[in-house]
Each structure stands twice: as structure tokens, then as C-alpha cells.
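Reading the structure
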Amino acid sequence: MGAARRPSPHLLLAVLLVSLLLNCLLLLLRPYLGSRALLLPSFRPRWVPLAGPPLGDPGRGEAGAGAPGGGAWLPHLCPRPPGHWRGVLGTSSGVLRRLSWTPPRNDTIFFLQTSCAAAFTAREACAVESAARHHPRRPVQVFLTSPVTNTSHPLLQVVERAANVHLSWLDLEQVFSAPPLRRWHQARSWMTASTGYNVAVMVSDAARLELLRRFGGTYLDLDSLTLRPLPAHDNYLARLSDRLISNGVMSFQPAHPLIQKMVADIPNTWNGMSYTSIGADLLTRHLHLLCPRALAIPPLPPPAHPETCGDVTVFPGDLFFPFINGTDLKKIFMVERGYGPEFTESSQGYALHLYNHLTSKAAVSVSRESVLRDVAVRQCPGVVEMLAQRDPFL
């Protein structure tokens, strides 16, 4: 018998393009098809576990898919296996500490880091230190998608000096272990997000809501620097703009009806083409449906005082997001303009949001006056001191 003919490269390319177009069509129709619309089988990443039991728990020593010593490692979210980090970081196994899953308490201030990093950036470390300094009697917890941390990293060491700071593994199998998000997570539907950035955002948006629903607490973005003690209210949010309520700061008691409804709506609402579909868009829609008259979108005029929707307080945006548009945002990083003293002396806000996805490349020196530098000197002195000795940029 003769050798089987190999498919023409042109035919393979045509099949690939057709499959890609069909998947793009499914992505566009996904919000209207419901939670059962998945990728075509030929385009599911081979390393994504689409079904089956959890892959393990490092706290119980179970075998997993790549985490050091086992664990429910999710390679689709953090593609580099932990063993690779030794070469990247120039460390030995002695400085890689394995994290465990620990749920938050209802008085915990918590952050999520879904970048798969084993340490913190300067801004992330400043966010954690500032929250811990202003709330010495409250636990401050950082959940990381990386199952290990690099204990030799100086910024990690600065953060862990605070007695009330605790680092935990964001074990997604544990976070999404209960309905209504268990099946949504097991299907890995959010893997159809259009970019890797969108995938990390989808995971973060869903995880923060589920943690609030199950355990309560106060969630803050990891690029939010705390300026003074946060409000004492049980349930509160803040406007991001006239048309959006932010999911970057949320504080709720466990099982709050608003959070329950939002979580239940995630499987049918998420859209892989829009990174805000289960974030600020979802929150704004549900809050407006709950209180259409008390919470106008957009408000006229913009509110100068907190708004209320049942037992939920919505703070004016400038208390948590004092710099919004492009021109104002640049002021945070301008040096030797006098903006630093002007902001620190006049601000009555609770936080300074840095919008890292837009400003991560705008580094400023800790030795030159700017809004970011002046806030950091006051709110995260440990981070600033370390940077001055090593890498003097925020």
C-alpha cells in the first residue's frame, strides 16, 4: 500500500481560519446563548481541565498538576510552572514558600493578585502596607494565584513585617466550590476571554464577589493606596464615574442580597470580549435595578454626599478615585509641580487609585516630589525606605 497523503498546507490553513471564525462568532453570541455556549472542541486548550474533581490541595498534601509538592495548580491562568521560577528569580527551593488556602473573615480587608507573580511590585506592597497601617486591629489578607512566594524578595519582606498581614493562595477550586459558580468555574468558560489580561480580570472580578458573598469583608484593588481609616459602614461602594459604580472597593456582610444576585447572574452575563462585563457593568446594572430612583445613572448633578440604596451606601467617586480622566491621572506622576503637597494637605478621601493597567510604566522617583511619592512617604514608609536603598522608583 502507498503512503497516506498528507493534507495540503492550504487546506489546513483554511480549516484553521474557519474554526477561528466560528469561535469568534460564538464569543460574540455568548451573552445571548447563556452559559452553555463553549468553545468548539478543536480550540479548547489541551491543558485546561474542563471537568472532573479538584486537582488537589497543597494544605492537605494532595497531588496536583504542577504546584510544588502538589496542589490545584491552574496552568491556564498561570502558565509558568513553579519550577521555572527558580531560574527566573535566581532562587533556590529554600526561599520559595508554599501558600495555603485560608478563607477571609467578615472583618478582613482583602486584596487579590491574579498576575501569578511570587512577590509584589512596589505599588502593590504600598497598597498592602497602607491598609495595614490604618487598620491595625483588622486582618489584612492578600490572595495570590501563585501557590508560592519568594520569601527573599525585599518588598515581600516589608509587607510581612505587619503583624496583621497574611498571604494566602487563591485556590480557585476552593473559592468556587459552591453553587452557583461551581459549574461555571469547572467549565472554564471564562477561558474564552479575548486576551490574557481579560482572563485575569474575569477571575479577579468573579472571585472577589464570591468571597464577599460567602465570607463578607472589605475588598480593595491592589493599586489602591489607603489614605485614612475606611468607612465604618457594613455595606458600601463608591462611584467610579457618573455612569459606573466601581467594583474596586466593596464592603459587605456575608450573603448580602445584592452580592447574591450579582453572583447568580455571572454565568449568564459574562462576556469574554468585555473585561468589565462581570465587574463595574454588572454592579452598576444591579444596583440601578434595585434603586432606580435613589441611584440615578447618570446623576444630575453629580452627588456631593453619599447616596443610599436600602442598606448600601454609595460614596462619591472622589473619595476613592480622586483622579479620573487622562489629564488628571497624569498629575499623580508629574514631578516637581507642587501637586504632591497640594493633594496630601487638601484630600479628604479614603484612597488614591493608581489605575495600574493604564499607568504601570509611569515610574516616579521616591526622591522627587509628586502625588504618588508624597502619598507613599506618608502611607507606606517601609516600602519607600526599602526603595530608597535599592530601586528608587514607584
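Being a predicted model, the structure only gives us computed values, none of them experimental. The residue numbering used here restarts from 1 in each chain and proceeds along that chain's sequence as written. Restriction of local features to residues with pLDDT of at least 70 applies here, the model being predicted, together with a cutoff of 80 or more for giving and counting side-chain atom pairs; totals for whole chains, interfaces and linings are based on all residues. As a rule here, side-chain values come from all non-hydrogen atoms in the structure, and water together with hydrogens is ignored.

**A short note on the overall build of the chain**
Every helix listed is a DSSP run of H or I at least four residues long, and every strand listed is a run of E at least two residues long, numbered separately from the N terminus. Across its full length, the chain carries 14 helices and 12 strands. Throughout this description, buried means an accessible area under 20% of the type-specific maximum (1.4 Å probe, protein chains only), exposed means over 50%, and partly exposed covers the range between. Residues classed as buried in the chain amount to 51% of the 394 residues present. Across the chain, every contact between residues at least 6 apart in sequence was considered, and the portion connecting residues at least 24 apart equals 74%. To be clear on the numbers: accessible area is Shrake-Rupley with a 1.4 Å probe, and residue cover counts the displayed protein chains and nothing else. For the chain, the accessible surface area stands at approximately 18,400 Å², while carbon and sulfur atoms represent 57% of it. We call two residues in contact whenever any of their non-hydrogen atoms come within 4.5 Å of each other.

**Details of helix α3 (residues 122-134)**
A rise of 1.5 Å per residue sets the reference length of α3, with its 13 residues, at 18 Å; its end C-alpha atoms lie 18 Å apart and thus fit the reference within 8%. Counting buried residues along α3, 11 of its 13 residues qualify, which places the element largely inside the surrounding structure. Residues of α3 that are buried include every one of A122, R123, E124, A125, C126, A127, V128, E129, S130, A131 and A132, and no others. To estimate the expected span of a helix, subtract one from its residue number and multiply by 1.5 Å.

**Remarks on the environment of S100**
Within the element layout of this structure, S100 appears in the loop between β1 (96-98) and β2 (109-113). Here the alpha-carbon distance between S100 and V148, two residues 48 residues apart in the chain, equals 8.8 Å. Residues within four places of S100 in sequence aside, it is in contact with S168 and W169.

**Concerning the layout of surface pockets**
Its boundaries defined by the atoms lining it, the largest pocket holds a volume of some 1,100 Å³. Lining the largest pocket are 39 residues, and of these Y197, D221, D223, N356 and H357 sit closest to its centre. Where the lining of the largest pocket is concerned, the elements lending two or more residues are β2, α3, α7 (196-215), β9 (245-252) and α12 (356-359). At six residues, α7 tops the list of elements feeding residues into the lining of the largest pocket. Amino acids are sorted into nonpolar (Ala, Val, Leu, Ile, Met, Phe, Trp, Tyr, Cys and Pro), charged (Asp, Glu, Lys and Arg) and polar (every other residue, Gly among them). A per-class count over the lining of the largest pocket returns 19 nonpolar, 14 polar and six charged. Grid points spaced at 1 Å over the protein atoms alone were grouped into cavities, where a 1.4 Å probe fits but cannot get out, and pockets, open sets with protein on both sides within 12 Å along at least five of seven lines, with lining residues defined by an atom within 4 Å of a point. Grid points are joined across faces, edges and corners, and a volume is the space filled by probe spheres set on the points.

**Some words on the side chain of E369**
Along the polypeptide, E369 turns up in the loop between α12 and α13 (371-379). Working convention for charge: Lys and Arg count positive, Asp and Glu count negative, and His plus the chain ends are omitted. Should a side-chain nitrogen of Lys or Arg be within 4 Å of a carboxyl oxygen of Asp or Glu, the pair is scored as a salt bridge. One buried charged residue, E369, forms no salt bridge at all, with the nearest opposite charge on R373 at 7.4 Å. Whenever a nitrogen or oxygen atom comes within 3.5 Å of another N or O atom, the pair is scored as a polar contact, on the condition that within protein one atom can donate a hydrogen and the other can accept it, and that pairs from neighbouring residues in sequence are kept only if both atoms are in side chains. There is a polar contact of 3.0 Å between the side chain of E369 and the backbone nitrogen of R337. Within polar-contact distance, the side chain of E369 engages the backbone nitrogen of Y339 at 3.2 Å. In contact with E369, not counting residues within four places along its chain, are M334, V335, E336, R337, G338, Y339, G340, P341 and D374.

**A closer look at the state of the cysteines**
By disulfide we mean two sulfur atoms from cysteines, separated by a distance within 2.5 Å. Within this structure, the stated rule accounts for two disulfides. Across a sulfur-sulfur distance of 2.0 Å, C126 and C380 are joined as a disulfide pair. With the S-S bond torsion at -80°, the cross-link from C126 to C380 turns out left-handed. Remark: C380 occurs in the loop between α13 and α14 (381-389) and C126 occurs in helix α3; sequence separation between them is 254 residues. For the pair C126 and C380, one class covers both residues: buried. At a sulfur-sulfur separation of 2.0 Å, the disulfide partner of C291 is C309. Torsion about the S-S bond of the C291 and C309 cystine: about 85°, corresponding to right-handed handedness. In this pair, C291 is assigned in the loop between α9 (280-290) and β10 (307-309) and C309 in strand β10, connecting sequence segments 18 residues apart. Here C291 and C309 have matching classes, each one buried.

**Describing the nonpolar core**
Joining through side-chain atoms within 4.5 Å is the link that ties buried Ala, Val, Leu, Ile, Met, Phe, Trp, Tyr and Cys residues into a set, and such a set is a nonpolar core. One finds F111, F320, I332 and L352 to be the most contacted residues of the largest nonpolar core, which totals 55 residues. Sort the elements by how many residues they give to this core and α3 lands first, with seven residues. Apart from residues lying up to four places away in sequence, F320 is in contact with L230, P231, Y236, A238, V249, F315, Y350, A351, L352 and H353. Counting 44 residues, the second-largest nonpolar core is a separate cluster that includes L170, V203, L295 and V314.

**Details of the sheet that holds strand β3 (residues 140-144)**
Taken in spatial order, the eight strands line up as β5-β3-β2-β6-β9-β8-β11-β10 in an open sheet, and their pairing is mixed. Single-partner strands in this sheet number two, and they are β5 (165-169) and β10. Neighbour-to-neighbour, the strand axes of the sheet open up by a mean angle of 25°, direction not taken into account. Any two strands are treated as partners once DSSP identifies two or more bridges connecting them. Fitted lines through C-alpha atoms give the axes, limited to the stretch in contact for helices. The angle between two N-to-C directions lies from 0 to 180 degrees.

**Description of the environment of Q113**
Within the element layout of this structure, Q113 appears in strand β2. As a C-alpha pair, Q113 and S146 span 33 residues in sequence and 8.5 Å in three-dimensional space. For Q113, the contacting residues outside a window of four places in its chain are A119, F120, E124, F143, L144, T145 and L222.

**A few points about the packing of aromatic side chains**
The pairing test for Phe, Tyr and Trp rings, Trp by its six-membered ring, is centres within 6.5 Å, and the orientation test on the planes gives stacked under 30 degrees, edge-to-face over 60, and tilted for anything in between. Throughout the structure, instances matching the rule amount to 11 aromatic pairs. Among the aromatic side chains, those forming a connected cluster through ring pairs are W101, F110, F143, F215 and Y219. In this structure, R228 packs its charged tip against the face of Y350, placed 3.9 Å from the ring centre. Above the face of the Y339 ring, K331 is positioned so that its terminal group lies 5.4 Å from the ring centre. Counted as over-ring charges are cases with an Arg CZ or a Lys NZ within 6 Å of the ring centre that also lie within 35 degrees of the ring normal.

**Some words on unusual backbone geometry**
Here the amide bond leading from P179 into P180 is cis, since omega sits at 5°, within 30 degrees of zero. As for its position among the elements, P180 is in the loop between α5 (172-175) and α6 (182-186). The phi dihedral of A255 falls on the positive side, at around 60°, and the residue is not glycine. Position of A255 relative to the elements: it lies in the loop between β9 and α8 (257-269). For A255, a relative accessible area of 41% puts it in the partly exposed group.

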